Amino acid sequence: MSNLKDKIKLDEIVYSDHFRTDGFINFGVKPDLSNFRIPVSIIEGIKPGPILLIDACTHGDEYEGTEAIIKLINTIKPNELTGTIVAVPALNFEAFANISRSSITDEQNLNRIFPGDSTKYITLRLADIYLKRIVKFVDAVITFHGGGDVLHLEPIVGYLPGGDEVSKKSFEMAKIFNAKYTWRMQNLPFEGVSAIAYRDMYNIPCILPEIGSHCDRLNSREKNVGLCYDGIMNVMSYLEMIEERTQEKVDSMDVELHYIHANNGGIQRLLKKENDIVEEGEILGEIIDVFGNKIEELKAPYRGVVIGFWSISVIRPGDWWYLFAKILD
Ligand SMILES: [Zn+2]
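Our subject in this report is the structure included herewith. (Residues numbered from 1 in each chain as written. Predicted model: local features only at pLDDT ≥ 70, side-chain atom pairs only at ≥ 80, totals over all residues.)

1. A few points about the overall build of the protein
- Counting secondary structure elements, the protein contains seven helices and 18 strands.
- Its C-alpha atoms give the protein a radius of gyration of 20 Å, near enough to 20 Å, the size a compact globule of 329 residues would have.
- Its C-alpha atoms give the protein principal-axis dimensions of about 65 × 50 × 35 Å. (Helix = DSSP H or I, 4+ residues; strand = E, 2+ residues; numbered from the N terminus. Rg over C-alpha atoms; globule rule 2.2 N^0.38 Å.)

This is the structure we're talking about:
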């Protein structure tokens, strides 16, 4: 019915009705003759409007966004929707299925290699085909991340830094998402991040919510999935894809996130916890060896707030230890 279907073409359709299409994009045949593939659902509203892409599991162990996407596509009513939702519940489907942050086949981290390359390793091919066959046709993106299996993270929504219109729209989307922290994604210690590539290549605004972790799944799994779901609905309301929603605004803080690595392996102790405001020079954490000797102490490099930390008792040299943030507002 819309021309979006002429643009985003699925290689395999497993369900289709007037409003919804579920299927796969294939991007490589494995030796066992199964395909590498991307699962995609397209939900078209009765009125034309923005095309919103929502994906999760760029890192295969970050499932809160995945669950929220599944909830969304099975509850949204086409007659209440303006525009189109393109949902990708598990972008790195291989990593998702193997409960792994990175790809299994080539061990690549999908969120470090955008825009990818159609002639190289399979994960680079995944990034490339995702951009060319899906991302370039949409108007806005929500790409979900989280603490996965080894970190704890407080709910934080990344947005594009910069004064251009696309970055400003990304900031608006991050604020309306309604999480405890907004994160200006500047001074990142790595390259190849999807959200930045979408802007640089196609001028598409994107936000990157980091919500939930294995550490939090015992008691807060549903709550965190709900945060993701509400965030999507808030952004859809901002984009005028659904009716305006009234949700109590959380008191949010704008930050610049830094990743502080451990220098030594051992047993790590967290002396400062999530949401703690820490003065420069205060001790964040310490590491002891198996004999109980203290071998490392981490001092806060500036006054900031603890967003997250390594959530496993044992830490290895070089692992992320604290996700510590400068307060911007
Ligand atoms: Zn991630």
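2. A short note on the pairing of strand β12 (residues 266–270)
- Here two bridges tie β12 to strand β17 (residues 314–315), and the two strands are oriented antiparallel to one another. Bridging from a neighbouring strand, I267 pairs with V314 of β17.
- Strand direction decides the pairing type here: β12 and strand β14 (residues 283–288), joined by four bridges, are antiparallel. By the bridge assignment, L270 is partnered in β14 with G285. (Pairing = 2+ DSSP bridges.)

3. Here we look at the packing of helix α2 (residues 64–75) against helix α7 (residues 217–238)
- Put simply, α2 and α7 touch, their axes get as near as 8 Å, and they point 55° apart. Here α7 runs oblique to α2, going by the angle between their axes. Every pair of crossing elements has a handedness; the one defined by α2 and α7 is right-handed. For the pair α2 and α7, contact is made by E64, G65, E67, A68, K71 and L72 and by N224, V225, C228, Y229 and I232, respectively.
- For the contact of α2 with α7, the residue count by class is six nonpolar, two polar and three charged. (Axes fitted to C-alpha atoms, helices over the stretch in contact; angles between N-to-C directions. Parallel < 35°, antiparallel > 145°, perpendicular 65-115°, else oblique. Left-handed = near helix turned anticlockwise from the far one by under 90°. Contact = placed C-beta atoms within 7 Å. Nonpolar A, V, L, I, M, F, W, Y, C, P; charged D, E, K, R; others polar.)

4. Topic: the pairing of strand β1 (residues 12–16)
- Sparse coverage of β1 is indicated by the burial of zero of its five residues.
- Looking at chain direction, β1 and strand β2 (residues 20–29) are connected through four bridges and run antiparallel. Residue pairing in the sheet places I13 in a bridge with G23 of β2. (Buried ≥ 20, exposed ≤ 12 C-beta atoms within 10 Å, placed from the backbone.)

5. What to know about unusual backbone geometry
- A cis geometry characterises the amide bond from F114 onward to P115, with omega recorded as 10°.
- Residue position: P115 is located in the loop between α3 (93–97) and α4 (122–133).

Honestly, that's just the spatial picture; any functional story needs more than this.
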